[in-house]
Amino acid sequence: MQTYPLERHDEILLPHVDAYMETLWKTTVNQSEAHFIKQAQIAGVPSVRPDVARFLTFMTAALRPKRILEIGTGAGYSTYAMLQGAGSSLETLLSIESNPQRFALAQTLLHGTPHSEKLDLRCGKALDVIATLNGDPFDFVFIDAIKRDYPRYFHVLPCTPHAVIVFDNMLFRGMVAKEKAELPTRYHQGVSEIAEFTQFLTHHAAYTTTLLPIGDGMILARRREL
């Protein structure tokens with residue numbers, strides 16, 4: 001099977017571990033996944049790595065959420081992964097993309113894929129779209145968008161009491177673990193915003209969280225039991 005180059009994250013995992021995992025995932029990518037990866041790269045659209053996609057498929061298959069919210073569709077690879085995981089138990093997956101070109105690409109790539117009839121794909125600013133929602137809350141959320149907006153999304157998410165919320169890119173190529181003086185100036189603000197949100201979320205009294213070194217780093221959050 002043809003494979004495609006993937007973004008490396010040697011600053012998160014040891015280089016030999018990252019190389020091993022990359023080889024493992026690249027050799028198990030199916031044709032549908034390979035198509036999403038290739039088309040995203042051709043279009044220059046950032047995409048989750050196969051290990052992140054598999055994690056999302058695993059989580060949605062295990063939790064069987066009825067309503068999923070995704071902020072940041074990209075080319076639709078993560079969307080596809082969650083559709084396949086949730087499968088027949090899914091009622092709807094609302095995915096929001098603010099970039100019209102990425103939205104159009106995701107529409108094309110997701111059309112006709114298994115369970116795509118349950119997909120509600122919308123183009124617009126996430127906060128604006130969320131403000132218009134009046135249906136049932138979501139029980140699984142995946143956020144992969146502009147990092148400075150993560151706190152704003154967190155405070156308005158229409159979730160069930162036990163929803164699982166996943167924030168992507170929380171290690172930001174390992175930069176959040178470095179001293180400010182080690183970072184290029186252009187990354188100072190972004191890294192600071194991610195670090196501040198991480199501190200806020202991991203110390204939130206109402207939530208239990210975990211940070212996983214999958215892909216570019218993911219934080220999972222869920223309300224504590226009363």
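First things first, this report covers the structure right here in the doc. (Residues numbered from 1 in each chain as written. Predicted model: local features only at pLDDT ≥ 70, side-chain atom pairs only at ≥ 80, totals over all residues. Heavy atoms only, no water.)

Let's talk about the overall build of the chain
Logical step 1: Looking only at helices and strands, the chain has eight helices and seven strands in total.
Logical step 2: For 226 residues, the compact-globule formula gives about 17 Å, and the C-alpha radius of gyration of the chain, at 17 Å, lands near that figure.
Logical step 3: Overall, the chain is about 50 × 50 × 30 Å in size when its C-alpha atoms are taken along their principal axes.
Logical step 4: For the chain, buried positions account for 46% of its 226 residues. (Helix = DSSP H or I, 4+ residues; strand = E, 2+ residues; numbered from the N terminus. Rg over C-alpha atoms; globule rule 2.2 N^0.38 Å. Buried < 20%, exposed > 50% of the residue type's maximum accessible area, 1.4 Å probe, protein only.)

Describing unusual backbone geometry
Logical step 1: Although it is not a glycine, Phe-172 adopts a positive phi angle of roughly 45°.
Logical step 2: Relative to the helices and strands, Phe-172 resides in the loop between strand S5 (159-168) and helix H8 (188-202).

What about the sheet that holds strand S4 (residues 138-143)?
Logical step 1: With mixed pairing, the seven strands of this open sheet are ordered in space as S3-S2-S1-S4-S5-S7-S6. Each edge of the open sheet is held by one strand with a lone partner, namely strand S3 (119-123) and strand S6 (207-212). Between one strand and the next, the sheet's axes are offset by a mean angle of 15°, whatever the strand orientation.
Logical step 2: Two elements, S6 and strand S7 (residues 218-223), share six bridges in a ladder whose sense is antiparallel. Bridging across to S7, Thr-210 finds its partner in Leu-220.
Logical step 3: Along the sheet, helix H4 (residues 77-86) makes contact with strand S1 (67-71), strand S2 (92-97), S3 and S4, crossing S1 at roughly 170°. (Pairing = 2+ DSSP bridges. Axes fitted to C-alpha atoms, helices over the stretch in contact; angles between N-to-C directions. Contact = heavy atoms within 4.5 Å.)

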